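# Notes for the structure review
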Amino acid sequence: MKFTEEHEWLRVEGDLVVVGITEHASEQLGDVVFVELPEVETQVAKGDDCAVIESVKAASDILAPVDGEIVEVNEAIVENPALVNEDPLGAAWFFKMKLDDMSQLDEFMDEDAYNDFIG
Amino acid sequence: MSGLKRTDLYDLHLELGAKMVPFAGYEMPVQYPMGVLKEHLHTRAEAGLFDVGHMGQVLVPASAAAALEALVPVSVAGLAPGRQRYAFFTNEAGGIRDDLMIAHLGEELLLVVNAACKEADFTLISAAIPEARMIADRGLLALQGPGAEAALARLLPGVAKMGFMQIDAFQWDGTELWISRSGYTGEDGYEISVPGNRAADFARELLAEPGVAPIGLGARDSLRLEAGLCLYGHDIDTTTSPIEAGLSWAIQKIRRRGGAREGGFPGAERILAELETGPARLRRGLAPEGRAPMREGVEIFATPEGGAPIGTVTSGGFGPSIGAPMAMAYLPADLPEGATVYGEVRGKRLPAKVVPMPFHPHSYKR
């Protein structure tokens, strides 16, 4: 699993990459009450706003971590936003992407580096 | 967090694992490990203990009721000993300088004002009432929720028979407490003024009672919003009149046109006129139709496309007890209940219904 400085995790699954937010991010956000996900078949560029999370405290944007196409989204977290707090690394994945170039993943942190990053 | 003040419960908050944030010049607990959502639900189901020691407590002689009536549009002279009443300081333009509680302790009136306004309020009060004293050495706790009576009555049995908006002095362990049956969550409960050097001891006694949990500012905000109550600086301020804010219920007949002590407070001309003719805009409740919260600053439109905004959200968020988003906004007073308006969230106009408040029913001990 790879981690971004924006507190997203990326997991390779066949030729796709699954994206979610880290446990640290979900703790910082507090109780999540609303999630908006991108449309499938959307082409996104790294840094584009592509999902929204609202907690009891505030709204946050989820940025596309890499260039590629959104091929699947997790409606379960739209139906039950609390899942993002309950299982951020598992059942509460956000979307799956088909990457233009898998080598984009190389720049991201591994788990140890991410744990150092969040201190 | 340098330059910030601390309440008498600061060490207790840290011990309880609170996340501290700056609020109105104080370091205050925004949440405890339970989290905002569960703290909110816990308060509605059992009992929540809040530190509101950052708020200002001012004592004036009971004989100063007439002088106080020159600052607020409510009947202070008509407030009986042992009773408490909601009020607001108005300005010459008919806006609100602050909202407050006035409680009659017998010899003196206790004024409880917002933390962010307390210095300005004290300047205003002492100009009118030179004997006014700011009580800096007392803390303030709120115990709220259906379990509040049982928890507090185990320490002080006399509180069980108090009714909503009554206040009395109680002796606890050689210490005088001023306890009112009131609060700002929509729940039954109490507010307790306690000497600062005993505040943490008393808080610990309450937390040891079954069902009592510490609750932070995050849940305090969602609780008061569900209860349809105004937050000063957001839903009411120097530009909103009490009538626009839907607070005319707090202005007794005796201070209105034709009353024995009509007017005589700042902004009386506008406020009394609006009472008779109705304001052009009114604080209204909004129920967004989807799950997306409409937060403070979201502009409200009459139509799904085009046109100028007809109002702005002053408070908004997710209501844990109603399981849905909720908001307050100043909107044209003639919009009927049930009307659909549109809030612009992230560039999209989302529908919301104009609904009556509170969003969650009050359960005061009448």
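Fair warning: this is a prediction, and the values are worked out from it, not measured in the lab.

## Section: the pattern of salt bridges
Under the counting rule described, the total for this entry stands at 29 salt bridges over all chains. The partner of B:D221 in a salt bridge is B:R224, and the shortest N-O contact between them spans 3.0 Å. A residue pair is termed a helical-turn pair when its members lie 3 or 4 positions apart in one helix, as B:D221 and B:R224 do in helix α7 (residues 217–226) at three residues. Assessed through its relative accessible area of 3%, B:R224 is described here as buried. Salt bridges here are not isolated pairs; linked through shared partners, they connect A:R11, A:E13, A:E72 and A:K96.

## Description of the UniProt feature "domain: Lipoyl-binding" (unreviewed entry) in chain A
Under the present numbering, the feature "domain: Lipoyl-binding" (unreviewed entry) in UniProt falls on residues 16–98 of chain A. Counted over residues 16–98 of chain A, helix gives 19% and strand 42%. Its end C-alpha atoms are 5 Å apart.

## Re unusual backbone geometry
Cis geometry is adopted by the peptide bond preceding B:P358, which originates at B:M357 and carries an omega value of 0 degrees. Mapped onto the elements of the fold, B:P358 is located in the segment after β19 (348–355). Although it is not a glycine, A:E41 sits at a positive phi angle of roughly 70 degrees. Locating A:E41 in the fold gives a position in the loop between β4 (32–36) and β5 (43–44). By relative accessible area, A:E41 is classed as exposed at 65%. Even without a glycine there, the phi angle at B:R346 is positive, about 50 degrees. Position of B:R346 among the secondary structure elements: in the loop between β18 (340–345) and β19.

## As for the UniProt feature "domain: GCVT N-terminal" (unreviewed entry) in chain B
Listed under "domain: GCVT N-terminal" (unreviewed entry) in the UniProt record, and renumbered for this structure, are residues 9–253 of chain B. Structurally, residues 9–253 of chain B comprises 25% helix and 31% strand, and the distance from its first C-alpha atom to its last is 41 Å.

## Looking at the interface of chain B and chain A
Contacts between the two partners involve twelve residues from chain B and, on the opposite side, 13 residues from chain A. Carbon and sulfur atoms make up 48% of the surface buried where chain B meets chain A, a total of about 1200 Å² over both sides. Sorting the residues of chain B by area buried against chain A places B:R291, B:R295 and B:R346 first, and these three jointly supply 48% of that buried surface. Seen at the junction of chain B and chain A, the total is three salt bridges. For A:E54, the salt bridge goes to B:R295, with nearest N and O atoms at 2.8 Å. If you look at where chain B meets chain A, you find eight residue pairs in polar contact (both at pLDDT 80 or more).

## Quick look at the sheet that holds β4(A)
In any sheet, the strands associate via hydrogen bonds between backbone groups, in a parallel or an antiparallel arrangement. Residue and element names in this part refer to chain A. Pairing in this open sheet of three strands is antiparallel, and the strands run β4-β6-β7 from one edge to the other. Only two strands of the sheet have a single partner each, and these edge strands are β4 and β7 (59–63). If you compare each strand with its neighbour and ignore which way they point, the axes differ by 25 degrees on average. The pairing of β4 with strand β6 (residues 49–55) spans four bridges and is antiparallel. Bridge pairing in β6 places E36 opposite V52.

Cut-offs used in this document
Residues numbered from 1 in each chain as written. Chains lettered and ligands numbered in written order. Predicted model: local features only at pLDDT ≥ 70, side-chain atom pairs only at ≥ 80, totals over all residues. Heavy atoms only, no water. Salt bridge = Lys/Arg side-chain N within 4 Å of Asp/Glu carboxyl O. Helix = DSSP H or I, 4+ residues; strand = E, 2+ residues; numbered from the N terminus. Buried < 20%, exposed > 50% of the residue type's maximum accessible area, 1.4 Å probe, protein only. UniProt positions renumbered as here; feature names shortened; annotations may be inferred. Contact = heavy atoms within 4.5 Å. Buried area = accessible area lost by both parts, 1.4 Å probe. Polar contact = N/O pair within 3.5 Å; in protein donor to acceptor, adjacent residues only side chain to side chain. Pairing = 2+ DSSP bridges. Axes fitted to C-alpha atoms, helices over the stretch in contact; angles between N-to-C directions.

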